[in-house]
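Inside the fold
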Amino acid sequence: MDQDAVLALFRQSGALLEGHFKLSSGLHSERYLQSALVLQHPEFAEALGRALAGRTDHLQATVVLSPALGGIVIGQEVGRSLGVRAIFAERQDGTLQLRRGFTLDANDRVLVVEDVITTGGSTRETAAVAESYGARVIGAAAIVDRGSDPARLSLPMQTLVKLDVPTYQPDACPLCARGVAVVKPGSRA
Ligand SMILES: [Zn+2]
């Protein structure tokens, strides 16, 4: 699946909008990305998971680990396609951790899977959870790379799409300056 095919799935499901948006952070952007909207379609989630599995099967992961909630659906699909377990880490008292009886050990080769990698901070935090069990993290994969720095990640990383989503303070927004009406994503115009 090439970049255009992935973007077509995002656009078709309303997961990628172009215009002038006010994000939940209060910042403005010309793009709105909500991967949950593409992943709500099981056939799209499966296709994206298969594509990521195809790029990572050489790493010979024994388990997929995703950060909750955003990574769970795509992690499940990558695990399905690779034929390995798919587990997730979730935040409790501010710390990402394994719960629900999920565990890892020194024999595990862990692939960290997320929907979107932005700074890579969540990827590193998820990798650290696996390492705290003595497991080996052998790579990271995400559907969308929003401008991560692979050098800082220090892990082999596979993504299906690179997508820049610049954000602006409202008083520095070029679209506001041009007088384009701003829309809150999710509200129907
Ligand atoms: Zn604006």
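Located above this text is the structure these notes cover.
Notes on helix α1 (residues 3–12)
- Of the positions making up α1, those classed as buried are Val6, Leu7, Leu9 and Phe10. Down the axis of α1, the buried side of the element spans an arc of 155°, and every buried residue falls inside it. Of the residues in α1, the exposed ones pointing more than 90 degrees away from the buried face are Asp4 and Gln12.
- Residues of α1 that are buried in the fold lie against β1 (16–22), β2 (28–33), α2 (36–39), α3 (42–56), β7 (136–145) and β8 (157–162).

Here we look at the layout of surface pockets
- Taken as a whole, the largest pocket spans an internal volume of roughly 450 Å³.
- Contributing to the lining of the largest pocket are 25 residues, with Leu33, Gln34, Val116, Thr118 and Arg146 lying nearest its centre.
- Elements with a contribution of two residues or more to the lining of the largest pocket: β2, β6 (109–117) and α5 (121–131).
- With 4 residues, β6 is the largest single contributor of residues to the lining of the largest pocket.
- Here the residues of the lining of the largest pocket sort into 8 nonpolar, 11 polar and 6 charged.

What about the side chain of Ser29?
- Tracing the backbone shows Ser29 in strand β2.
- At a separation of 2.8 Å, a polar atom in the side chain of Ser29 contacts the main-chain carbonyl oxygen of Pro166.
- Beyond its immediate sequence surroundings of up to four residues, Ser29 is in contact with Gly19, His20, Phe21, Leu23, Val165, Pro166, Thr167 and Leu175.

Some remarks on the side chain of Glu114
- By secondary structure assignment, the location of Glu114 is in strand β6.
- In this structure, Glu114 is buried with no salt-bridge partner, the nearest side chain bearing the opposite charge being Arg91 at 8.8 Å.
- In terms of polar contacts, Glu114 uses its side chain to reach the side chain of Ser122, at 2.4 Å.
- Not counting residues up to four positions away in its chain, the partners in contact with Glu114 are Pro67, Gly71, Ile74, Ser122, Thr123, Ala141, Ala142 and Ile143.

A closer look at the nonpolar core
- The biggest cluster of nonpolar side chains holds 31 residues, and the ones touching the most others in it are Phe10, Leu48, Leu111 and Ile143.
- In terms of residue count, the dominant contributor to this core is α3 (5 residues).
- Excluding residues that lie within four positions of it along the chain, Ile143 makes contacts with Val6, Phe10, Leu39, Leu48, Leu52, Ile74, Glu114, Asp115, Thr159, Leu160 and Val161.
- Leu98, Leu104, Val129 and Ala142 belong to the second largest nonpolar core, which has 20 residues in total.

Observations concerning the pairing of β2
- For β1 and β2, the ladder comprises 5 bridges, and the chain directions are antiparallel. By the bridge assignment for β2, Leu16 is matched with Leu33.
- The turn joining β1 and β2, which pair antiparallel and follow one another in sequence, is formed by 5 residues; a positive phi near 95° is taken by Gly26.
- Relative to strand β9 (residues 167–168), β2 runs antiparallel, the two sharing 2 bridges. Each residue of the ladder has a partner; that of Ser29, found in β9, is Thr167.

Here is what the cut-offs are and how they apply
Counting from 1, residues in each chain are numbered in the order their sequence is written. Where local features are concerned, this predicted model is filtered to residues with pLDDT of at least 70; where side-chain atom pairs are given and counted, the filter is 80 or more; whole-chain, interface and lining totals use all residues. Side-chain figures throughout are based on the complete set of non-hydrogen atoms in the structure, without hydrogens or water. Per-residue accessibility, obtained with a 1.4 Å probe over protein chains only, is compared with the maximum for each type, and a residue is labelled buried under 20%, exposed over 50%, and partly exposed between these values. Put simply, DSSP marks the helices as runs of H or I at least four residues long and the strands as runs of E at least two long, and each gets a number from the N terminus on. By arc we mean the arc of the directions from the helix axis to the C-beta atoms, nothing more. Throughout, a residue-residue contact means that at least one pair of heavy atoms, one from each residue, lies within 4.5 Å. Residues are called lining when one of their atoms sits within 4 Å of a cavity or pocket point, these points coming from a 1 Å grid over the protein atoms alone, where a cavity is a set in which a 1.4 Å probe fits but cannot get out and a pocket is an open set with protein on both sides within 12 Å along at least five of seven lines. Grid points are joined across faces, edges and corners, and a volume is the space filled by probe spheres set on the points. For this scheme, ten residues count as nonpolar: Ala, Val, Leu, Ile, Met, Phe, Trp, Tyr, Cys and Pro. Four count as charged, namely Asp, Glu, Lys and Arg, and the remainder, Gly too, count as polar. Here a polar contact means two N or O atoms within 3.5 Å. Within protein one must be a hydrogen donor candidate and the other an acceptor candidate, and residues neighboring in sequence count only if both atoms are side-chain atoms. His is not counted, nor are the chain ends; Lys and Arg add positive charge and Asp and Glu add negative charge. When a carboxyl oxygen of Asp or Glu lies within 4 Å of a side-chain nitrogen of Lys or Arg, that pair is called a salt bridge. Residues enter a nonpolar core if they are buried and are Ala, Val, Leu, Ile, Met, Phe, Trp, Tyr or Cys, with the set joined through side-chain atoms within 4.5 Å. Any two strands are treated as partners once DSSP identifies two or more bridges connecting them.

Remember, this is a structural readout, not a statement about activity or role.
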